[in-house]
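Architecture at a glance
Each chain is listed here by its residues.
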Amino acid sequence: MELFDKLYDEHENVKVRFIGFTTEHTRYDFGIIYTNMFFGKPLVVCMQTGRSTLLDPKEIEDIEYLQNAFRIPDKQQAADLAEFFKETLPQIPFVTQYE
């Protein structure tokens, strides 16, 4: 008897970028994983907290989303982070994965 129904099991060589930077108030260290999975959205991992999220251009614009995803207490810090992601993450077209 199988305990799990496998949904997917993909192997992929991906590009990963590690980047650390500071703003006026905070230091950030991120790993950005570029993959063909997840509708082409990059997986962004905060190396300090382990919190991660998939980001597309619409989510980058949502300051409250960034505050929640990375537990950022201050709106200005989240706005600074949004600015960084706008400059750093590529503009990707939406990729349909499911028919």
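Computed from a prediction, not measured in an experiment: that's the story for all the values here.

**What to know about the sheet that holds strand β2 (residues 27-34)**
- Across the sheet, four strands lie side by side as β1-β2-β3-β4; this open sheet has antiparallel pairing. Where the open sheet ends on each side, the last strands, each with one partner, are β1 (15-22) and β4 (52-54). The sheet shows a mean angle of 20° between the axes of neighbouring strands, taken without regard to direction.
- Summarising the sheet, β1 and β2 pair through eight bridges and their orientation is antiparallel. In the sheet register, valine 16 faces β2, and the bridge partner there is isoleucine 33.
- Sheet strands in contact with helix α2 (residues 63-70) are β2, β3 (43-46) and β4, and its direction is about 145° off that of β4.
- Taken strand by strand, helix α3 (residues 75-88) contacts β1, β2 and β3, and its axis lies near 40° from that of β2.

**Brief notes about the nonpolar core**
- The biggest cluster of nonpolar side chains holds 20 residues, and the ones touching the most others in it are Phe30, Val44, Leu55, Phe70, Leu81, Phe85 and Leu89.
- Top element by residues in this core is α3. It accounts for five residues.
- Dropping the residues within four chain positions of it, leucine 55 is found in contact with Lys41, Pro42, Val44, Ile60, Tyr65, Leu66, Phe85 and Leu89.

**Overview of the side chain of threonine 53**
- In this structure, threonine 53 sits in strand β4.
- Looking at threonine 53, its side chain comes within polar contact range of the side chain of tyrosine 65, at 2.4 Å.

**Overview of the environment of arginine 71**
- With respect to the element layout, arginine 71 can be found in the loop between α2 and α3.
- Among the residues examined, arginine 71 registers a relative accessible area of 64% and is labelled exposed.
- With residues up to four places along the chain from it excluded, the contact list for arginine 71 reads Arg51 and Leu66.

**Quick look at α2**
- Within α2 the residues assigned to the buried category are Leu66, Gln67, Ala69 and Phe70.
- Tucked into the core, α2 has its buried residues touching β2, β3, β4, α1 (57-61) and α3.
- Structurally, the start of α2 carries an N-cap: the backbone nitrogen of glutamate 64 is 3.3 Å from a side-chain oxygen of aspartate 62.
- Once α2 ends, the next one or two residues include arginine 71, with phi positive near 50°.

The rules behind each value
- What you see as residue numbers is a count from 1 along each chain, following the sequence as written.
- The predicted nature of this model means local features are confined to residues of pLDDT at least 70 and side-chain atom pairs, given and counted, to a pLDDT of 80 or more, with totals for whole chains, interfaces and linings taken over all residues.
- By convention in this description, side-chain values take in all heavy atoms of the structure and omit both hydrogens and water.
- At least two bridges found by DSSP between two strands are what make those strands a pair.
- Here a helix means four or more residues in a row that DSSP labels H or I, a strand means two or more in a row labelled E, and each is numbered from the N terminus.
- Whenever a helix is involved, its axis is fitted only over the stretch in contact; in every case the axis is a line through C-alpha atoms, and angles between N-to-C directions fall within 0 to 180 degrees.
- Throughout, a residue-residue contact means that at least one pair of heavy atoms, one from each residue, lies within 4.5 Å.
- Throughout this description, the term nonpolar core refers to a set of buried Ala, Val, Leu, Ile, Met, Phe, Trp, Tyr and Cys residues connected via side-chain atoms within 4.5 Å.
- Three exposure classes are used, based on accessible area relative to the maximum for each residue type with a 1.4 Å probe and protein chains only: buried under 20%, partly exposed in between, and exposed over 50%.
- Identification of polar contacts relies on pairs of N or O atoms within 3.5 Å, with a donor-acceptor requirement for protein atoms, meaning one able to donate a hydrogen and the other able to accept it, and with residues adjacent in sequence counted only if both atoms are side-chain atoms.

Remember that the coordinates give geometry; whether it matters functionally is a separate question.
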